[in-house]
Structure formats: C-alpha cells, structure tokens
Amino acid sequence: MATKKPKVNSECRAFNDEWTWKYFFTVVKDKQVCLICNEAVAVFKDYNISRHFTSKHKNSNYEAMSEYERKQNVESVCKNLSGRQYFLKKVNTIQEAATHASYIVAYNIAKNNKALSDGLFVKQYMLQVCDVLCPGKKNNFQTVSLTRKMVTSRIEAIDKNLTSQLESKNGQFKFCSIAMDESTDINDTAQLVLFVRGVDKNFEITEELACKRSLKGATKGCDIFREFQEGLLTLKGPITNICNITTDGAPNMTGKKSGFLEVFNQNYPGNNVVFLHCVIHQDALC
C-alpha cells in the first residue's frame, strides 16, 4: 500500500543562520527573503536557496566575495533593512495615532453639538500650540485630518460602533426597561425618543439612548406605537424581555381608549409589563 508523501509544511523546517552570509538570505515575517533582490523563497531548504543564489546572482560581485567580505556585506545590508523596517513601523504608528486623534476630536464635536467644520478650526489652533510647546512634532500634527468630510465619516463610524455594541448587549439582556418621550422640535416636528436600560445575567447594567423616531403627521397613540415597534427593530431584542415602560402623562401616551399604553396592551395581551408615567415629576417631589 502506497504511503502519502508528507507535505512541506509538516516537515517543520527551520532557517539556518549560515544561509545569511552564504546565500544572502534572511527571515522576514516567516518568509525567506533575498537581501540582494528582495525575492522570497517559500521552502526552508538549502537546495532552494542555493539554486536561487546561483541562478539569479551567479555573475554578480557577491559570488566572488570571500567569506569575510560576505559577512561584512551582509551585516551592512541587514542594518539597512532594520532601519527601513523601523521607519515603516514608525510611520504606521504615527498614522494610527493621527487617526485616533481625529476620532477624539470628531467625538467631542458631536458630543458638544458643534459644527462639523469646526474640525479645521481646532486643527488651526492645535498647530499654533504645537509651534510653542513642541515644534519638532508639528509634522505629526499635520497628519491629523479634520476636514468636514473626515469629521462626518468619523462620527458616522462612531455611531455604527456604538449601535453595534448596544445591539450585542441587548441580545444578552435578561430584563430591560424602556423610557419614552415625545416632544416637538424647533422645526415643529414631533420626535419620539427611546431610552433602554437592561441587565444581563452578570447583573451588569447598560443604560443608553436607543433611537429617535420622527412622527411626521399625527401623534396619536397608534402612531407612537408604530414608531415604537420600528425602534425596537433597531434594538434587535425580544419584546418579552421588557418589564417596564415609562412615558410622560400626555393623553396620547396614557389614554385608556386610544393611548399608546392601550394600543400596546391590545397588540401584546397578557404581558407582564409595568407602566409608569411622570416618574421624573415624582422623583422631583420626593
């Protein structure tokens, strides 16, 4: 019975340090790389490396060098390679730090309700402060992109990340409560805001703004219930986890015939949800 030929990866071949001065090869990220032409050889094998050296660099000055000359030359080339790798690593580190800095500025612009174009305003004075405190680092500050378009994309990325985290946590909630508020903004458009507060099996509590829904048109109990359901879809959590819903005391929320609470009970009969309203006023009175 014929035996299977072992694969190269299963032979656990290792790089021989002698190949560095003998064939001008080194290891870069688990790959054998030629120091002369920067080509890589897949297999850690003397035959493959020597074949590359004799076929690619047979008529070069490297083949005619003595052992001592080769070692000196290899040492010089390896130093240059390490310098290039350090430079690239440093550049990547600076770029990562600049990206992180742009996220910090964009987050604070959104948190404080500032204009998206304020990023350029921040960068302008950031560079002036840099000229006073650390002029040698000015090029690093220049790499921080704070254009209106970049600030917008950073805020959108932060929003997606926070939404993803909330969705992940909401799937782990054992119980959660919803606080609702419906108010009219300066454009005379009714806005429904949903807050969620949940607890998981480890008794870790998460409290966050879940979503905001615009009520364009009527603001009856059925309209609020429709937007409430759409808001729950963004949370991606089961309705059975809700143990409490808190609203204000407006008739469209607490009305016994057509209010939100009555519509909720009609659509989810037999639920164990506790309804509260005007809890903020009660807290202030206490």
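Up top is the structure these notes are about.
Please read these numbers as outputs of a predicted model, since none were measured by experiment.

A. Molecular detail of the overall build of the protein chain. Helix and strand content of the protein chain: 10 helices and eight strands. Across the 286 residues of the protein chain, 28% fall into the buried class. Once local pairs closer than 6 in sequence are excluded, the contacts in the protein chain between residues at least 24 apart make up 51%. If you sum the accessible surface of the protein chain, you get close to 19,700 Å²; carbon and sulfur atoms cover 53% of it.

B. Representation of the sheet that holds strand S8 (residues 274-277) within the structure. If you trace the five strands from one edge of the open sheet to the other, you get S6-S5-S4-S7-S8, paired in mixed fashion. Edge strands, defined here as strands with exactly one partner in the open sheet, are strand S6 (205-215) and S8. Adjacent strand axes in the sheet meet at a mean angle of 20° when their direction is disregarded. Of the strand pairs in this sheet, strand S4 (residues 175-184) and strand S5 (residues 190-199) are connected by 10 bridges, and their pairing is antiparallel. Paired with Met-180 across the bridge in S5 is Leu-194. Seen against the sheet, helix H6 (residues 148-170) touches S5 and S6 and runs at an angle of roughly 115° to S6. Its contacts with the sheet place helix H9 (residues 260-267) against S4, strand S7 (242-247) and S8, and it is angled at close to 160° to S7.

C. Structural detail: the nonpolar core. With 25 residues, the main nonpolar core has Ile-178, Met-180, Leu-194, Phe-228, Ile-242, Ile-245 and Phe-260 as its most contacted residues. Elements supplying a minimum of two residues to this core: S4, S5, S6, helix H7 (221-235), S7 and H9. Examining the composition of this core, we find that five residues originate from one element, H7, more than from any other. Ignoring anything within four residues of it in the chain, the contact list for Ile-242 reads Cys-176, Ile-178, Phe-228, Leu-232 and Val-273. Ala-98, Val-105, Ala-106 and Val-144 belong to the second largest nonpolar core, which has seven residues in total.

D. Broad picture of H9. Residues of H9 that are buried include every one of Phe-260, Leu-261, Val-263 and Phe-264, and no others. Viewed end-on, H9 has its buried residues packed into an arc of 160°, placing them on one side of the element. The inward-facing, buried residues of H9 abut S4, H7, S7, helix H8 (251-254) and S8.

E. Representation of the packing of aromatic side chains. Per the counting criterion, the structure on display carries 10 aromatic pairs. Arranged with centres 5.7 Å apart and planes meeting at 80°, the rings of Phe-264 and Phe-275 form a pair that is edge-to-face. With Phe-264 in helix H9 and Phe-275 in strand S8, the pair connects residues that are 11 residues apart, well separated along the chain. The class for Phe-264 is buried, based on a relative accessible area of 1%. On the basis of relative accessibility, which here comes to 24%, the residue Phe-275 falls in the partly exposed class. Sitting over the ring of Tyr-103, Arg-154 keeps its end group 4.6 Å from the ring centre.

F. How the structure looks around a nonpolar patch on the surface. A cluster of nonpolar side chains, contributed by Phe-121, Val-122 and Tyr-125, occupies part of the molecular surface with about 270 Å² of accessible area. Structurally, Phe-121 can be placed in helix H4 (residues 118-133). For Phe-121, a relative accessible area of 48% corresponds to the partly exposed category.

G. Molecular detail of the side chain of Ser-177. For Ser-177, the position within the fold is in strand S4. Excluding anything up to four places from it in sequence, Ser-177 contacts Phe-195, Val-196, Arg-197 and Asn-244.

H. Structural detail: the environment of Lys-257. Examined against the element boundaries, Lys-257 turns out to sit in the loop between H8 and H9. Through-space distance from the C-alpha of Lys-257 to that of Gly-221 is 9.3 Å; in sequence the pair is 36 residues apart. The contacts of Lys-257, once residues within four sequence positions are left out, are Glu-262 and Gln-266.

I. How the structure looks around unusual backbone geometry. You will see that Asn-113, though not glycine, has its phi angle at about 55°, which is positive. Not every positive phi belongs to a glycine, and Asp-188 is a case in point at roughly 65°. Given a relative accessible area of 66%, Asp-188 falls into the exposed group.

J. Seen up close, the state of the cysteines. All told, the structure shown has zero disulfides when counted by the stated rule. Considering cysteine sulfurs only, Cys-134 is the nearest to Cys-130, which forms no disulfide, with 3.8 Å between them.

Procedures and definitions
Residues numbered from 1 in each chain as written. Predicted model: local features only at pLDDT ≥ 70, side-chain atom pairs only at ≥ 80, totals over all residues. Heavy atoms only, no water. Helix = DSSP H or I, 4+ residues; strand = E, 2+ residues; numbered from the N terminus. Buried < 20%, exposed > 50% of the residue type's maximum accessible area, 1.4 Å probe, protein only. Contact = heavy atoms within 4.5 Å. Areas by Shrake-Rupley, 256 points an atom, 1.4 Å probe, with all protein chains shown as cover. Pairing = 2+ DSSP bridges. Axes fitted to C-alpha atoms, helices over the stretch in contact; angles between N-to-C directions. Core = buried A, V, L, I, M, F, W, Y, C linked by side-chain atoms within 4.5 Å. Arc of directions from axis to C-beta. Phe/Tyr/Trp six-rings, centres within 6.5 Å; stacked < 30°, edge-to-face > 60°. Lys NZ or Arg CZ within 6 Å of the ring centre and 35° of its normal. Patch = residues over 30% accessible without salt bridge, like charges linked within 9 Å, V, L, I, M, F, W, Y side chains within 5 Å. Salt bridge = Lys/Arg side-chain N within 4 Å of Asp/Glu carboxyl O. Disulfide = S-S within 2.5 Å.

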